Every structure is written in C-alpha cells, then in structure tokens.
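# A look at the structure
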Amino acid sequence: MKPMTEPQIRSAFLNCSKGEAKRLHVPRNLSELDWEDLDFLGWRDPQAPDRAYLAAELDGRTVAIALRSSGAASWQARRSICSLCVTTHSGGVSLLVAPLAGKAGKQGNSVGAYMCTDLACSLYVRGKRDVGVKLHESLTTEEKIRRTVANLAAFVAKVTA
C-alpha cells in the first residue's frame, strides 16, 4: 500500500459529511507506519471507542469508510472469524457497521460486517500479529492478501451501492 497523508484520508470518506471527516481523529503516526505491510489502514478513535475507520486504495483511488461498533456482547468471548481476512479470534472480532453513502445513509441505512476488532487484518494475514491458535489454510500469504483486498472491496461496494 502506498503511504497516505491526513488530507488525502480526510477527503476520501465516502459515507460521512465533509464536516464529519474534518473533525474525526486520524492517526498521528502516519509517517511511522510500515505501509508495505498494510492492505488498508484501519484505526479506532481513542476519544470514541465505538468509532472506527478504514482507508484503502482500491482500483487506483483512495477510499475511506466511517464505521461504528456494537457494544461488547457475550458472543464476543466465543471464537469468531473476520469477514475481511478470515482470521479466527477468541473475542477479537466485532460487528462494525457503516452508514451507506449518499441519500440511503442519510435515511439511516447501513451495512455491517464482522471484522478484527483492532482492524489489523493485514498484520494477521502476514503473520506479523499473533492470534494464538491458527487454523491451517492451504493458501499462500499472497493469496490471503488478495482475498483480504477482495473482501474489503466487496464491503466498500456495499457501502457505496
């Protein structure tokens, strides 16, 4: 993934207003990130733990999505699978919900997916972050990366539909 700047990220949000994008928290350590290990940038707002964001380059353009997480629930203690990277976690997967882009989102419509709570899918796929017990897969790391990017693109397509 190519490095992104704060203005680039803020201008790429598809499902929130320009004012909301201007006010949201963007990570301050963008220049310190190992961008080569990322398929997308995902982060939580430290001031509002129920808010999360992701930014990626898809089909040659930068896109960003605002997400909301559900509160902690008892099912989160069970083993769950992230719908983006297909990593299995015990308690490390959350339902994240994105308002739809445009008029549909303003009417309250949204789409959700179960994702790694810390949005570190890229690191899990590459084996740079440990989840404990890993399920065996016959896919190579490159194939897992392609699958993660394809799943992310499908989610973004649902948000913009």
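These notes cover the structure that comes with them. (Residues numbered from 1 in each chain as written. Predicted model: local features only at pLDDT ≥ 70, side-chain atom pairs only at ≥ 80, totals over all residues. Heavy atoms only, no water.)

## Examining the pattern of salt bridges
In plain terms, the rule: The salt bridge criterion pairs a side-chain nitrogen of Lys or Arg with a carboxyl oxygen of Asp or Glu, the two atoms within 4 Å. For the purposes of this entry, the term helix denotes a DSSP run of H or I that reaches at least four residues, the term strand denotes a run of E that reaches at least two, and both are numbered from the N terminus. Note on exposure labels: buried denotes an accessible area under 20% of the residue type's maximum, exposed denotes more than 50%, and partly exposed covers the range between, all computed with a 1.4 Å probe on protein chains only.
Evaluated as defined, the whole model comprises 7 salt bridges. Here D39 ties to R126 by a salt bridge, and the two come within 2.8 Å at their closest N and O atoms. Separated by 87 residues along the polypeptide, D39 in the loop between α2 (18-23) and β1 (41-45) and R126 in the loop between α4 (121-125) and α5 (141-160) bring together distant segments of the chain. Across this residue pair, the class does not change: D39 and R126 are buried. Residues E137 and R147 are paired through a salt bridge, measuring 2.7 Å at the closest nitrogen-oxygen approach. Note that E137 is positioned in the loop between α4 and α5 and R147 in helix α5, a separation of 10 residues in sequence.

## Digging into the sheet that holds strand β6 (residues 93-99)
How we decide: Strand pairing follows a simple DSSP-based rule, namely that at least 2 bridges must link the two strands. Geometry is summarised by axes, namely lines fitted to C-alpha atoms with helices restricted to the contacting stretch, and by angles between N-to-C directions that run from 0 to 180 degrees. Throughout, a residue-residue contact means that at least one pair of heavy atoms, one from each residue, lies within 4.5 Å.
With respect to topology, 5 strands assemble into an open sheet ordered β1-β2-β3-β6-β7, the strand pairing being antiparallel. Looking at the sheet topology across the chains shown, the edges are occupied by β1 and β7 (110-116). Adjacent strand axes in the sheet meet at a mean angle of 35° when their direction is disregarded. With 7 bridges joining them, β6 and β7 adopt antiparallel strand pairing. Residue pairing in the sheet places L95 in a bridge with Y114 of β7. On the sheet, α5 packs against β2 (48-58), β3 (61-69), β6 and β7 and is oriented at approximately 160° with respect to β7.

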